[in-house]
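Chain and residue survey
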Amino acid sequence: LAPEYIKAAENLKGLVKVAAVNCDDEANRRICATYDVQGFPTIKLFPSKPIEDENVVGRFTKKPKDYLGARTAKAIVDFALPEIPSFVHIISNSYSISRALTMDEFFSKENDTLSKVVLFTNKDQTTPLYKALSCEFHNRLIFGEVKEKESAIAEKFGVDKFPKLFVIPKGIDPEIYEITTQSELESQCLSKPIGLCVFSFLILEPEYPESVADHSSNLEILRKVKKKFHDQNNVDKKLSLRFFWFNALSKGAKKLIKDFKLSDMFPSLMILNPNRKVYRPHIGPFDEEGIVKFLNDIAKGRGSSYEYGFDVFIDEKITKKDDEKKVEKEDGEKKDDEKKAEKRDDEKKDDEKKVEKKDDEKKDEEKKTEEKKTEEKKCGIDELGKDGVCSGDTHKTESKSDEKDKPKDHDEL
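In what follows, the accompanying structure is described. (Residues numbered from 1 in each chain as written. Predicted model: local features only at pLDDT ≥ 70, side-chain atom pairs only at ≥ 80, totals over all residues. Heavy atoms only, no water.)

A few words now on the side chain of Arg242. Along the chain, the position of Arg242 falls in strand S11 (residues 241-247). Buried and unpaired, Arg242 has Glu186 as its nearest opposite-charge partner, separated by 11 Å. A polar contact of 3.4 Å, which involves the side chain of Arg242, links it to the backbone oxygen of Gln188. Those residues in contact with Arg242 that sit more than four places away from it in its chain are Gln188, Cys189, Lys192, Ile194, Gly195, Leu196, Cys197 and Val198. (Helix = DSSP H or I, 4+ residues; strand = E, 2+ residues; numbered from the N terminus. Buried < 20%, exposed > 50% of the residue type's maximum accessible area, 1.4 Å probe, protein only. Lys, Arg positive; Asp, Glu negative; His and termini not counted. Salt bridge = Lys/Arg side-chain N within 4 Å of Asp/Glu carboxyl O. Polar contact = N/O pair within 3.5 Å; in protein donor to acceptor, adjacent residues only side chain to side chain. Contact = heavy atoms within 4.5 Å.)

Right under this line is the structure:
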């Protein structure tokens, strides 16, 4: 077993501590008896986490597991590796992954007391080495792991190759956040009572790999500058900086560039003091050395800044006057619509009256026609006069009248 055991120890170096005890030695007999070693060779694995002793209250001990596998280096290594505990936090934007933290949650965890280590990996499972490191530095460092499929997080950190390891000093968020809306600009910069805002204008066209690579390189420069000034600020407390970037191709960035009369050569950078309403553009190379010099000059009061007298907006600003005009216009349009509707109602009523008049005229015509038909039935069409009265009736009436006027004879008297 000895050669295989030595080989296993070499493979587990830095991951699992491997030791050997000679139980024939008088000095070691007590420890061998304590752990019930009765035959040789005996291999026991002691877990990292101690448990409370059943016989002694308040006493914690590590209860070993007996190894009963094959006496080969591979079998021993395979037995030991899964027993390594993990204090690694999985970082993911997917809520389907249980016990995962978002990037914001991870960076807010014990932010002021412990530094952080983040590994970007293409491995499906956390490696034994990374687990072992999380054990070795437990309560001294916080370990996080981002899988390759978390493309959004990898893009934010400019990671295009795996594996990649970041060490983030305590108290600093290494991310350079993009500002895309006015509310983000207000909450992250303009509303802050103290500190300066560093605006970087970068070009990012996701459909072009070259643009993505350049963008990642520029973000990495800004991260290094941010870290350097964070460390420096912890010492001399001279400059409080907040770093952001804008996509120079966006409408909001173009408005800022126009308002502050900045260069249209990218990448570019400016610093803004929203409380004093002054700004200063960076003139020089966009690299770590050039940006650090620019910011150090500002910290030491070198160079000139420029005042600005306008409100900083990346959206088109709508003033109160514009709102009043808009409301007035809407009210005018509403009144016009009401007048048009009223006119249509009047026209409709006129049309209804015309139709009603035509209906009345039609009814009169029908009534006259009906009366005419009735007279025709009484005396025949030939006897009907122009005034609708039968001529026979007229004759009879006249005859009766004549007889009445005619003097009666003696016999009739």
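What follows deals with the sheet that holds strand S8 (residues 164-168). Overall, mixed pairing links the four strands, which are arranged S5-S7-S6-S8 in an open sheet. This sheet does not close on itself; its edge strands, each paired only once, are strand S5 (88-91) and S8. With strand direction ignored, the average angle separating the axes of adjacent strands in the sheet is 25 degrees. Sheet topology places strand S6 (residues 115-121) next to S8; five bridges connect them, and they run antiparallel. Paired with Val117 across the strands is Val167, a residue of S8. (Pairing = 2+ DSSP bridges. Axes fitted to C-alpha atoms, helices over the stretch in contact; angles between N-to-C directions.)

Take the pairing of strand S13 (residues 278-281) next. Relative to S13, strand S12 (residues 268-273) is paired through four bridges, and the arrangement is antiparallel. Of the residues in S13, the one forming a bridge with Ile271 is Arg280. Connecting S12 to the next strand, S13, in antiparallel fashion are four residues, including Lys277 with a positive phi near 55 degrees. Relative to strand S14 (residues 306-307), S13 runs antiparallel, the two sharing two bridges. When the bridges of S14 are listed, Val278 appears paired with Glu307.

A few words on helix H7 (residues 182-190). Within the span of H7, buried status applies to Gln182, Leu185, Cys189 and Leu190. The buried residues of H7 all sit within an arc of 65 degrees when viewed along its axis, so they share a single face. In this structure, the buried side of H7 is in contact with strand S10 (196-202), S11 and S12. (Arc of directions from axis to C-beta.)

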